[in-house]
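# Inside the fold
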Amino acid sequence: IIIATSAGKEKQQVSAAVRDNGQTPADFSCIYSKDLLPAAGGEEMTRGFLQELVHILLTYISKSSQRSSKVLTGFKQQYVLDFHHPHQLREGLDGFSLELPDQPENLEQLLVDCRDTLKYGVRTGHPRFFNQLSSGLDVIGVAGEWLTSAANTNMFTYEVSPVFILMEEFLLKKMQSIVGWSADVGDGIFCPGGTISNLYSILVARYHFYPEVKTRGMGALPRLALFTSEHSHYSVKKSAAVLGMGSENVFVVKCDERGKMIPADLESSIVAAKEKGLVPFYVNATAGTTVYGAFDPLNAIADICHRHTLWMHVDAAWGGGLLMSDRHRMKLQGIERAWSVTWNPHKMMGVPLQCSAILIKKRGLLQGCNEVGATYLFQTDKHYDVNYDTGDKSIQCGRHQDVFKLWLMWKAKGSQGFGSQVNKCLENAEYLYDHLQRRTDFELVFKHKPEHSNVLRSLQPGPDRDTRLHQVSTGAQRPLPQSGSGPTASFYDFKMLHTSLQVAPRIKGRMMEKGSLLIGYQPLGAKVNFF
């Protein structure tokens, strides 16, 4: 029995161990981690502790799926989040302290800390969590992550991770076949996120054209040029900087109003780079841009890459999941012509973080680019086929096992189940789009139907919006001058732009304070902040 005090009254809470197994639970206030397995006689204490923890997690998962709950947690009515500013969490709330002790604390305190960590966090599995690129909490995926942590193995050699190494091989082959590559080509590896997957694509592309870079460095190479759209992910520029090529050598290609790369501008950018003395070698096309959810014209880009002998990479981190849908996969038509593909199952497919794959069409490039043959790991005289020691394909040594949760979810849903899941998400996007079109107080950022699940909206333009924006910014109630006329017009127009930039953050701040909704906003080009 754990005794708790609430509103001056004592109440008894029966632990999960009692509830589930009819056992007499331990007094966790007297038990420490040293008393758990592998300590002698620690099995019962370990079982009781883990049962309590599972009860905490089940309660959290159950409440996360309730629309009446908060996105940020912590109040009696559970919403999306119970927001607190950094200084409040740093200083401690209701006994929750981030300070690290010199002496061990008992298991009861650890269980309280687990509850508080979830209490003050964000429910990313909540139906009203619409922030960056998470899509619910899949129970099978959670089970896979639990097993992964219990196995606690490394993905560098077959001898320490035989089942997971083979699972990775099967998953990569399946994903490559869905992309449209033949069974006799293809390689890949699971990575810690789409940014690292995109970095691998540039790393391998450079090695493909200039294998001497591995030993002699960038000094032995000409000045290289990369190309990506103005709506692409920032990881392309970041990777160019990390790999020593320089972010200034990334040529940003213009997009149309829908956010798609303009092939003619790509062609002219390649010519311009050559005229400046640079050597083009790599083009990044995006299948599902971060903000607009746009799909670049892959076939047209592939034609240009073929003409100029350039490596074509498709960043399908966000849009790759649409390949699972017979209804929507045509939006990625031409992806089979790519030399490499980034695909993040932890986005549209709903796999728990993290789960990202880099797929390389030409087999052997990953190994040749990254292997150094550390003899304490990658001995060639082992008694099994050492081709399954895949760790030397990676720039990491220790590599987290990210494949089991995806493999288990695929078993649970089947390819058709993932397809239905994608279809449902995009049906929801069309439903929201149709409703917003009929609203007079919001406008769509662009008039086209969404290609992905991204739906963008802002306040409806007009005098009423200007008045409301002005009042939000200043609290003023006085009449406003006509925008675009009179001596104060230019200042007024600037004021409206500045205020427009402020409104979305203020609205989001109020939603976070209330805990009812979490949704992304940003400006883009000439467009001020929109949701």
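Whatever comes next refers back to the structure up there.
Notes on the structure follow. Computed from a prediction, not measured in an experiment: that's the story for all the values here.

## Thoughts on the overall build of the protein chain
Scanning the protein chain from terminus to terminus reveals 15 helices and 17 strands. Across the 531 residues of the protein chain, 47% fall into the buried class. Summarising the internal contacts of the protein chain: among those between residues at least 6 apart in sequence, 67% fall at separations of at least 24. A total accessible area of about 26500 Å² is found for the protein chain, and carbon and sulfur atoms account for 55% of it.

## Details of the pairing of strand β8 (residues 250–253)
Relative to β8, strand β7 (residues 224–229) runs parallel, the two being bridged by 4 bridges. If you follow Thr228 over to β8, its bridge partner there is Val252. Remark: the β7/helix α9 (residues 235–242)/β8 crossover connection has right-handed handedness.

## As for the sheet that holds strand β11 (residues 340–343)
Pairing within the open sheet is mixed, and its 7 strands lie in the order β6-β12-β11-β10-β9-β7-β8. Strands at the two margins of the open sheet, each flanked by one partner only, are β6 (187–191) and β8. The sheet shows a mean angle of 20° between the axes of neighbouring strands, taken without regard to direction. Note that β7 and strand β9 (residues 279–286) share 5 bridges and pair parallel. In the sheet register, Thr228 faces β9, and the bridge partner there is Asn284. Sheet strands in contact with helix α11 (residues 298–308) are β9 and β10 (311–316), and its direction is about 155° off that of β10.

## Considering the side chain of His452
Residue placement: His452 occurs in the loop between β13 (442–444) and β14 (457–459). A relative accessible area of 1% places His452 in the buried class. Within the structure, the side chain of His452 is placed 3.0 Å from the backbone oxygen of Trp318, a separation counted as a polar contact. The residues contacting His452, other than those within four sequence positions of it, are Gly288, Gly293, Phe295, Trp318, Gly319, Leu322, Met348, Leu426 and Ala429.

## What about the pattern of salt bridges?
Counted under the stated rule, the structure contains 18 salt bridges. Lys119 serves as the salt-bridge partner of Asp94, at 4.0 Å between the closest nitrogen and oxygen. Of this pair, Asp94 sits in the loop between α3 (86–91) and α4 (107–119) while Lys119 is found in helix α4, placing the two residues 25 residues apart along the sequence. The exposure class assigned to Asp94 is exposed, which follows from its relative accessible area of 70%. Looking at Lys119, the relative accessible area reads 26%, which means it is partly exposed. Through salt bridges with shared partners, one network takes in Glu43, Glu44 and Arg47.

## A word on the packing of aromatic side chains
In this structure the tally under the stated criterion is 12 aromatic pairs. The interplanar angle of 75° and the centroid separation of 5.2 Å between the aromatic rings of Trp311 and Trp339 together place this pair among those described as edge-to-face. Of this pair, Trp311 sits in strand β10 while Trp339 sits in the loop between β10 and β11, placing them 28 residues apart in sequence. Between Trp410 and Phe418 the ring centres are 5.6 Å apart and the planes differ by 80°, which places this aromatic pair in the edge-to-face class. Each member of the pair, Trp410 as well as Phe418, is classed as buried. Taken together, the ring pairs in this structure connect Tyr158, Tyr384 and Tyr388 into an aromatic cluster.

Conventions used here
Residues numbered from 1 in each chain as written. Predicted model: local features only at pLDDT ≥ 70, side-chain atom pairs only at ≥ 80, totals over all residues. Heavy atoms only, no water. Helix = DSSP H or I, 4+ residues; strand = E, 2+ residues; numbered from the N terminus. Buried < 20%, exposed > 50% of the residue type's maximum accessible area, 1.4 Å probe, protein only. Contact = heavy atoms within 4.5 Å. Areas by Shrake-Rupley, 256 points an atom, 1.4 Å probe, with all protein chains shown as cover. Pairing = 2+ DSSP bridges. Right-handed = clockwise from strand over helix to strand, strands pointing away. Axes fitted to C-alpha atoms, helices over the stretch in contact; angles between N-to-C directions. Polar contact = N/O pair within 3.5 Å; in protein donor to acceptor, adjacent residues only side chain to side chain. Salt bridge = Lys/Arg side-chain N within 4 Å of Asp/Glu carboxyl O. Phe/Tyr/Trp six-rings, centres within 6.5 Å; stacked < 30°, edge-to-face > 60°.

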